[in-house]
Each structure stands twice: as structure tokens, then as C-alpha cells.
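What follows is each chain in one-letter form.
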Amino acid sequence: MAPETRVPERLDRAVIFLGPPGAGKGTQAKELARVYRVPHLSTGDMLREHVSLGTPLGMEAKPIMARGDLVPDSLVLKMVRDRIEQPDCSHGFVFDGFPRTVAQAQYLSVLLRQNGYRPALVVHFALDPALVLRRITGRRMCKVGGEIYNIYDRPPKVEGRCNNDGGELEQRPDDREEIVGPRLQAYEKQTEPLVSYYRRLGRLHDVDASKSVEEVKQRVLEIVRGAR
Ligand code: ADP
Ligand code: AMP
């Protein structure tokens, strides 16, 4: 039996995937969410959905995302609060790309407490910035189901098509090489301080994100199963 099919317990908590763009957070969040049957909450995906629907939030976020900056906390926090108060989140959820600033982390801890959750478990995806470029410029996402591929390391079976649903694969506009630098700078300046923030709180667990998808997955499962 595959190890993941022996996971009978419930997640019942918030898990945060923290790390630089391209570290594999989305790939692993989808895996963990499948194993525990909980929602995968990617603030990047939520914002891209607002952009494609042309909502007021999407119109505000679009140019900010296109240049690789972070969207203001106030916009992201309202979006997250509305989402985690949905009934499908009641047995836990996996955050990917949130929180990204200390203010977001502080707000989240209040929100979790108010909604009766234990403190979040944080998984830190450590990846050498030299590997980030290949991961990001090679990334392609399915337009239909959002499945994530990499033309260098995780290509689909049929070029340009999703293995799951045959959907067309596309490159995110912010995955172009010239936007990678600003995104990494935003990470280093605004998000990386969260590594020491959560480490001090004793909530952080490190993962070597340069390993294979399967190895990273097993390490994440080990952390989640072993955590208080
Ligand atoms: P993030 O959500 O952290 O930005 P993704 O999960 O979208 O990262 O992964 C970034 C790119 O790297 C994608 O193209 C994905 O297919 C690829 N990838 C993810 N994990 C690995 C891995 N362990 N080894 C090689 N490539 C990976
Ligand atoms: P991602 O899909 O996580 O790489 O996010 C894509 C872009 O969405 C980022 O570069 C930011 O512009 C924006 N974004 C996603 N999540 C957040 C967040 N928690 N706070 C601020 N901006 C965010």
C-alpha cells in the first residue's frame, strides 16, 4: 500500500507553506490537500481568479502582480478571511503563498484563534535562489484545473496539454525571466522575515525543496504527522 493511503487521521489545522517563488509550494500543497481531503488555499490562485474575472480586487491587483510586487495586506486579508470562514475549511486547510508579511502572519494568528483553530504548522521550503529561475521560467499551469508542470523537470505526457484533463497549459505572465528578480526581492525583503518569526515561535519545520517531488512530499507528510 502506498504510504499516503495509510493516512487515516484528519488534518484539523492550518498548515502554511512558506518559501520563495518556485520552491514547489503549490505542487506540494495540492498533494497534501489531496491526502487529507482539505482545501488548498493559494492566495496567488485566488488573486489570478479575481484578475481573470475583472473584479474590483482583480483590477487593483493586476498591475501589482504583473510587476512582481506584493498586493497590499488589506486586500489579501479580507479575501483570506472570507475564504477560511467557508464550511469546507472546517477540518483544516493548506495555505500556499500566505502569509507573506509579518502583518499578515499576525492577523492570521488572531483569525485562527477566533475560529477555534490551533496555531498553524509552518513548513519552510528552502531552495537556493540559483535554482529558482529554472523552476519559474519552466513552469506551466493548466488553464482548466490549475495542475502545475515544468517543461524541464516535470513535463506533461503530451506537450502543452494537461495529463489530468487535456487542458491547455499556459505560462503565467509573472513567470517571465524579467519579473523573477523583483519577485525574489519582494520575497527576501517582505516574506523571508517570517522564517525567523515562526522559528522563534517554535512552529517552523524545514524542508530541502531541491529534492524530488516525491522526496519532498514524504518529508512534508512526516512533519505533518509528527507535529503537535
Ligand atoms: P511555488 O508554488 O512555490 O511557486 P510550484 O509548486 O508552482 O512552486 O513549482 C514551481 C515549478 O517547479 C513548477 O514548474 C513545478 O512543476 C516545479 N517543481 C515543483 N517541485 C519540484 C521539485 N521537487 N523538483 C523539480 N521541479 C519541481
Ligand atoms: P504566487 O502564485 O503565490 O506566486 O503569487 C503571485 C502573486 O500574487 C505575487 O507575486 C503577489 O503579487 C500576489 N500575492 C499572492 N499571495 C499574496 C499575499 N499573501 N500577499 C500579497 N500578495 C500576494
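Residues numbered from 1 in each chain as written. Chains lettered and ligands numbered in written order. Predicted model: local features only at pLDDT ≥ 70, side-chain atom pairs only at ≥ 80, totals over all residues. Heavy atoms only, no water.

Caption draft 1: Main features of the overall build of the protein. Counting secondary structure elements, the protein contains 9 helices and 8 strands. Against the globule reference of 17 Å for 228 residues, the protein gives a C-alpha radius of gyration of 17 Å, in line with a compact fold. Across the 228 residues in the protein, those meeting the buried criterion constitute 49%. For the protein, the accessible surface area stands at approximately 11700 Å², while carbon and sulfur atoms represent 52% of it. Side chains of the protein carry 36 positive and 31 negative charges; the gap between the two charge centres is 4 Å. (Helix = DSSP H or I, 4+ residues; strand = E, 2+ residues; numbered from the N terminus. Rg over C-alpha atoms; globule rule 2.2 N^0.38 Å. Buried < 20%, exposed > 50% of the residue type's maximum accessible area, 1.4 Å probe, protein only. Areas by Shrake-Rupley, 256 points an atom, 1.4 Å probe, with all protein chains shown as cover. Lys, Arg positive; Asp, Glu negative; His and termini not counted. Charge placed at Lys NZ, Arg CZ, Asp CG, Glu CD.)

Caption draft 2: View of the packing of helix α4 (residues 73-84) against helix α5 (residues 102-114). The N-to-C vectors of α4 and α5 enclose an angle of 25°; their axes lie 11 Å apart at closest approach. Judged by the angle between their axes, α4 and α5 are roughly parallel. In terms of crossing hand, the pair formed by α4 and α5 is right-handed. Between α4 and α5, the contacting residues are Asp73, Val76, Leu77, Arg81 and Ile84 on the first element and Ala103, Gln104, Tyr107, Leu111 and Leu112 on the second. (Axes fitted to C-alpha atoms, helices over the stretch in contact; angles between N-to-C directions. Parallel < 35°, antiparallel > 145°, perpendicular 65-115°, else oblique. Left-handed = near helix turned anticlockwise from the far one by under 90°. Contact = heavy atoms within 4.5 Å.)

Caption draft 3: How the structure looks around the pattern of salt bridges. Within the structure shown, the criterion is met by 19 salt bridges. Between Lys78 and Asp82 there is a salt bridge; the shortest N-O distance is 2.8 Å. Note that Lys78 and Asp82 are positioned in helix α4 at a spacing of 4 residues, about one turn of the helix. Under the relative-accessibility criterion, Lys78 is labelled partly exposed at 47%. Owing to a relative accessible area of 33%, Asp82 belongs among the partly exposed residues under this scheme. (Salt bridge = Lys/Arg side-chain N within 4 Å of Asp/Glu carboxyl O.)

Caption draft 4: Expanded view of the sheet that holds strand β4 (residues 121-126). Across the sheet, which stays open at both edges, the 5 strands sit in the order β2-β3-β1-β4-β8 with parallel pairing between neighbours. Among the strands making up the open sheet, the edge pair consists of β2 (40-42) and β8 (204-208). Ignoring which end each strand starts from, the neighbouring axes of this sheet average 25° apart. Inspection of the sheet shows β2 paired to strand β3 (residues 93-96) by 3 bridges, in the parallel sense. Its bridge partner lying in β3, Ser42 is registered against Asp96. Contacts from helix α9 (residues 213-226) reach β1 (14-18), β4 and β8, with the element oriented near 165° to β8. (Pairing = 2+ DSSP bridges.)

Caption draft 5: Expanded view of the sheet that holds strand β6 (residues 148-150). Taken in spatial order, the 3 strands line up as β6-β5-β7 in an open sheet, and their pairing is antiparallel. Each edge of the sheet is formed by a strand with only one pairing partner; in this case those strands are β6 and β7 (169-170). Across 2 bridges, the pairing between strand β5 (residues 139-142) and β7 is antiparallel. Bridging from a neighbouring strand, Met141 pairs with Glu170 of β7.

Caption draft 6: The arrangement of unusual backbone geometry in detail. In this chain, Phe98 is followed by Pro99 through a cis amide linkage whose omega measures -5°. Within the secondary structure, Pro99 sits in the loop between β3 and α5. Phi is positive for Asp12, which is not a glycine, with a value near 50°. Positioned with a positive phi, Arg37 is a non-glycine residue whose angle comes to about 55°. If you trace the backbone, Arg37 turns up in the loop between α1 (25-36) and β2. A residue is classified by how much of its surface remains accessible, and Arg37, at 76% relative accessible area, is exposed.

Caption draft 7: Main features of α5. Relative to the 18 Å expected for 13 residues at 1.5 Å per residue, α5 spans 19 Å between its end C-alpha atoms, a close match to the ideal helical length. Inspection of α5 places Gln104, Ala105, Leu108, Leu111 and Leu112 among the buried residues, and these make up the whole buried set. Projection of α5 onto a plane perpendicular to its axis shows the buried side chains occupying an angular sector of 125°, all on one side. Every exposed residue of α5 that faces more than 90 degrees away from the buried side is listed here: Arg113 and Gln114. (Expected span 1.5 Å × (residues − 1). Arc of directions from axis to C-beta.)

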